Amino acid sequence: MTSLTELKLTDAVAGLKSRTFSSREITQAFLDAIDTSNPHLNAYVVVTHDKALAMADAADARLAKGKKLGRLEGAPLGIKDLFCTAGVRTTACSNILGEFTPTYESTVTANLWDAGAVMLGKLNMDEFAMGSSNETSRFGPPTSPWRRKGDNRPLTAGGSSGGSATAVAADLCLAATASDTGGSIRQPAAFAGLVGIKPTYGRASRYGMVAFASSLDQAGPLAKTVRDSALMLEVMCSPDPRDSTSIRSPVPAWTKAPGKSIKGMTIGVPKEYRVDGMPAEIESLWEKGVEWLRAAGARIVEVSLPHTKYALPAYYIVAPAEASSNLARYDGMRYGARKSTDGGLTDTYETTRAAGFGLEVQRRLLIGTYVLSAGYYDAYYLRAQKVRARILADFDAAFQSVDALLTPTTPTAAFAYGERSGDPVAMYLNDIFTVTANLSGLPAISVPAGVDADGLPLGLQVIGKPLDEDACFKVGAVIEESAGFNARPDRWW
Ligand code: GLN
């Protein structure tokens, strides 16, 4: 029998409902696994033992009555450290937030608890979600459960939601929340053999999420299967008057999408995503993906998204610009840590920010402030916004003739620590296939589709039309089914 911690979310929810096991049992099993594994994997930065058991007992009481059960009743989850959780330290893995403990709950996590889910703790991430490997976390990076064949070097589970990916892949929670500004749900999903979806911008409320770049940030889940990710996303999303960019329309029944036929759908393959230097393995996996979708009855056409090559430069202007504005609030006066000096107020601001922000965050704040400054605004920020409009127009044009797009999720498999960290541009290149969906607000899912020669997972991405997460789930489920991905990391930890 599979142990409780290895269950898929959907199966665990069914097992809890039929009372095959209790929420306390499965929660305790996860807490034990975390206590044993976390010293090796560093996925959790806070473990909420007491809260988890109290929530589990409350869920068990509701399950015993069998009335008014939530969609995730009794299911233990991990929460990325940028969702504010009332009474539980939330720092976005930055020193500048010190021991900040919110008095309020993010809408996304509140929706999960309202559905009966249990919180196991807070998950590691890149500082303020800026990064692709978690090497910028104040707590040090998590270690992916995956390793290259015959090579013991620790690998990244991706970023910025690397703690979430590590925890789900190592069976330290049933599923986890994550967030995606330029790929931070989908790239870790690809690196860790998981499913991750970023919904259409505005589907998930940003209320109570630590802001990075507000016009790009979206919450979504990391999970083991397409079905699990649909269930998570359905519960996480909601129209929210507390987020002015929230979409005021009801959340569709996404859980009904996986398994539906894709016969008659037209899937576009964007030719500009065939980038120089892409490993042959990724190219052939993409080819396989095309074959799977064709075999399932879809029509495949090549499409052109001509402004793709400007997406990464535009992202690395827009995201830092918004970050420099959002992170101005960390001045040592209102939140978290303060480094007082005798030099007066301005000096305290400066010393606090110099001590509290890590080097990558400082780099982004400098870039962001520069591109917004008088004299440079038009040359950089405004031009990046114009590129953004062109990228959206490219997608609009493609979606006149196709229902969804198929691309690789990342240009490589997971890399080892230190392999990219010396060169910011090499690190930024990770995001080449993912940032376009953020710049255009489109929904996009990553589904594990195979392994490379080293035995590491690779993902394929499906980008849908605005509000058409359904297409992502339908096509994603076909890829999942056809790939039959069942690789698991060897248990070395
Ligand atoms: N890797 C990208 C960055 O560093 C994306 C991060 C994210 O999506 N939060 O900005």
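Bear in mind the structure is a predicted one, so any value in this text is a computation, not a measurement.

A.B. asks: Could you give an account of the packing of aromatic side chains, naming the residues involved and the relevant values?
C.D. replies: Using the criterion set out here, one finds 17 aromatic pairs in the structure. Their ring planes at 80° and their centres at 5.7 Å tell us that W492 and W493 sit as a pair that is edge-to-face. Following the ring pairs from residue to residue traces out a cluster consisting of F100, F128, Y330, Y335 and F357. Geometry around W286 places R274 over its ring, the cationic atom sitting 4.8 Å from the centre.

A.B. asks: If you had to explain the layout of surface pockets to someone new, which residues and values would you point to?
C.D. replies: The calculated volume of the largest pocket comes to roughly 400 Å³. Lining the largest pocket are 22 residues, with K8, G193, K224, F485 and N486 positioned closest to its centre. Elements with a minimum of two residues in the lining of the largest pocket: α5 (162-169) and α15 (469-483). Taken together, the residues of the lining of the largest pocket sort by class into 10 nonpolar, 5 polar and 7 charged. Here the second largest pocket defines a volume of roughly 320 Å³. Lining the second largest pocket are 18 residues; nearest its centre among them are G208, M209, V210, A211 and R329. Tallied by class, residues from the lining of the second largest pocket come to 10 nonpolar, 3 polar and 5 charged.

A.B. asks: Run through the nonpolar core, naming residues and quoting values.
C.D. replies: Counting 159 residues, the largest nonpolar core has L9, L72, L112, F128, L293 and I479 as the members making the most contacts within it. For this core, the element with the most residues is helix α9 (residues 311-326), which contributes 10 residues. Once residues lying within four places of it in the same chain are set aside, the contact partners of L9 are L72, A75, L77, L174, A175, D228, L231 and M232.

A.B. asks: Run through the packing of helix α2 (residues 23-41) against helix α3 (residues 49-65), naming residues and quoting values.
C.D. replies: At a closest axis distance of 8 Å, the pairing of α2 and α3 adopts a crossing angle of 160°. Between α2 and α3, the crossing angle belongs to the class labelled roughly antiparallel. Relative to α3, the crossing made by α2 is right-handed. For the pair α2 and α3, the contacting residues are S23, R24, T27, Q28, L31 and D35 in the first and H49, A52, L53, A56, D57, A59 and D60 in the second. Within the contact of α2 with α3, the residues separate by chemical class into 5 nonpolar, 4 polar and 4 charged.

A.B. asks: Explain the pattern of salt bridges residue by residue, including any values.
C.D. replies: Using the criterion set out here, one finds 20 salt bridges in the structure. With a shortest N-O distance of 2.8 Å, E234 and R71 are connected by a salt bridge. Taken together, the positions of E234 in helix α7 (residues 226-236) and R71 in the loop between α3 and β2 (76-80) put the pair 163 residues apart, joining distant regions of the chain. For E234, a relative accessible area of 12% translates into the label buried. The exposure class assigned to R71 is partly exposed, which follows from its relative accessible area of 40%. Here E360 makes a salt bridge to R364, at a shortest N to O gap of 2.7 Å. You can see E360 and its partner R364 sitting in helix α11 (residues 359-372), 4 residues apart, about one turn around the helix.

A.B. asks: Could you give an account of the site of the ligand, naming the residues involved and the relevant values?
C.D. replies: Around the ligand, the structure places 15 residues, and the nearest of them are T181, G182, S184, Y315 and R364. A distance of 2.9 Å is found between a nitrogen atom of the ligand and a side-chain nitrogen or oxygen belonging to S132. D431 places a polar side-chain atom, nitrogen or oxygen, 3.0 Å from a nitrogen atom of the ligand. Contact with the protein chains removes 100% of the 300 Å² of surface that the ligand exposes when unbound. Counting atoms within 2 Å of the grid points, the majority share of the ligand lands in the largest cavity. Residue classes in the shell around the ligand are distributed as 5 nonpolar, 7 polar and 3 charged.

A.B. asks: How would you sum up the environment of K288? Please name residues and give values.
C.D. replies: Relative to the helices and strands, K288 resides in helix α8 (residues 280-295). Spatially, the C-alpha atom of K288 lies 9.0 Å from that of A449, the residues being 161 residues apart in sequence.

A.B. asks: How would you sum up empty space enclosed by the protein? Please name residues and give values.
C.D. replies: One simple way to see leftover space: roll a probe sized like a water molecule over the atoms. Applying the stated criterion across every chain, the model contains 1 cavity of 30 Å³ or more. One number sums up the size of the largest cavity: a volume of about 80 Å³. Forming the boundary of the largest cavity are 14 residues, of which A129, G131, S184, Y315 and D431 lie nearest the centre. Looking at side-chain class alone, the lining of the largest cavity contains 5 nonpolar, 7 polar and 2 charged residues.

A.B. asks: With reference to specific residues and values, describe the environment of A487.
C.D. replies: Here A487 shows up in the segment after α15. C-alpha separation for the pair A487 and A56, spaced 431 residues apart in sequence, amounts to 31 Å. When near neighbours in sequence (up to four residues on either side) are disregarded, A487 contacts W146 and V451.

A.B. asks: I'd like to hear about the packing of α7 against α15, residue by residue, with values.
C.D. replies: The geometry of α7 relative to α15 is characterised by a closest axis approach of 9 Å and an angle of 160° between their N-to-C directions. Here α7 is positioned roughly antiparallel relative to α15, judged by the angle of their axes. Contacts between α7 and α15 involve V226, S229, A230 and L233 from the former and E469, F473, G476, A477 and E480 from the latter. For the contact of α7 with α15, the class distribution of residues is 5 nonpolar, 2 polar and 2 charged.

About the cut-offs
Residues numbered from 1 in each chain as written. Predicted model: local features only at pLDDT ≥ 70, side-chain atom pairs only at ≥ 80, totals over all residues. Heavy atoms only, no water. Phe/Tyr/Trp six-rings, centres within 6.5 Å; stacked < 30°, edge-to-face > 60°. Lys NZ or Arg CZ within 6 Å of the ring centre and 35° of its normal. 1 Å grid on protein atoms, 1.4 Å probe; cavity = no way out; pocket = protein on both sides within 12 Å on 5 of 7 lines; lining within 4 Å. Points joined across faces, edges and corners; volume = space filled by probe spheres on them. Helix = DSSP H or I, 4+ residues; strand = E, 2+ residues; numbered from the N terminus. Nonpolar A, V, L, I, M, F, W, Y, C, P; charged D, E, K, R; others polar. Core = buried A, V, L, I, M, F, W, Y, C linked by side-chain atoms within 4.5 Å. Buried < 20%, exposed > 50% of the residue type's maximum accessible area, 1.4 Å probe, protein only. Contact = heavy atoms within 4.5 Å. Axes fitted to C-alpha atoms, helices over the stretch in contact; angles between N-to-C directions. Parallel < 35°, antiparallel > 145°, perpendicular 65-115°, else oblique. Left-handed = near helix turned anticlockwise from the far one by under 90°. Salt bridge = Lys/Arg side-chain N within 4 Å of Asp/Glu carboxyl O. Near = heavy atom within 4 Å. Polar contact = N/O pair within 3.5 Å; in protein donor to acceptor, adjacent residues only side chain to side chain. Areas by Shrake-Rupley, 256 points an atom, 1.4 Å probe, with all protein chains shown as cover. Sits in = over half its atoms within 2 Å of the grid points.

Purely geometric numbers; function is a separate question.
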